[in-house]
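# Structural characterization, general
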Amino acid sequence: MSTSEEITTLLVTKFGTDPLAIRPDVPLRQLRLDSLALEELRLLIEDRMDIDLEDVALTSRDTVGRLVAAVHGKATA
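Computed from a predicted model, the values in this text were never measured in an experiment.

By size, the foremost hydrophobic cluster in this structure holds 20 residues, and its most contacted members are Leu33 and Ile45. Within the residue set of this core, elements represented by two or more residues are helix 1 (3–15), helix 2 (35–49) and helix 3 (64–75). Counting residues per element, this core draws most heavily on helix 3, which supplies five residues. Residues contacting isoleucine 45, with those up to four places away along its chain left out, are Ile7, Leu10, Asp50, Ile51, Leu53, Leu67 and Val71.

Here threonine 3 is to be found in helix 1. Residue threonine 3 is classed as buried on the basis of its relative accessible area, which comes to 11%. In this structure threonine 3 touches Met49, Val68, Val71 and His72, once residues within four positions along its chain are discounted.

Let's shift gears to the pattern of salt bridges. Tallied over the entire structure, the rule returns seven salt bridges. Here arginine 48 makes a salt bridge to glutamate 6, at a shortest N to O gap of 2.5 Å. Taken as a pair, arginine 48 in helix 2 and glutamate 6 in helix 1 lie far apart in primary sequence, 42 residues in all. The buried category is assigned to glutamate 6, whose relative accessible area is 14%. A salt bridge links lysine 74 to aspartate 55; the nearest nitrogen and oxygen atoms lie 2.8 Å apart. Residue lysine 74 is located in helix 3, and its partner aspartate 55 is located in the loop between helix 2 and helix 3; the two are separated by 19 residues in the primary sequence. Each of Glu39, Arg42, Glu46 and Glu54 takes part in a single network of salt bridges with overlapping partners.

What counts and how
- Residues numbered from 1 in each chain as written.
- Predicted model: local features only at pLDDT ≥ 70, side-chain atom pairs only at ≥ 80, totals over all residues.
- Heavy atoms only, no water.
- Core = buried A, V, L, I, M, F, W, Y, C linked by side-chain atoms within 4.5 Å.
- Buried < 20%, exposed > 50% of the residue type's maximum accessible area, 1.4 Å probe, protein only.
- Helix = DSSP H or I, 4+ residues; strand = E, 2+ residues; numbered from the N terminus.
- Contact = heavy atoms within 4.5 Å.
- Salt bridge = Lys/Arg side-chain N within 4 Å of Asp/Glu carboxyl O.

The structure is reproduced here in structure tokens:
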């Protein structure tokens, strides 16, 4: 499963996000992810993909594409 697919799966299953709303250009806040939800998502991604995202700074203004790129960069590092 790709990084993008992993994140989409988590957003749909854990946050009830509409899969059709998850596009690279969509800001995370548009998916109703506030700072608390982003922290929860970060922990879920770390656990699921066995990576450390502690130094990745993301806000709800960042896009889904930025999130995927940041996680992918860590996963392949």
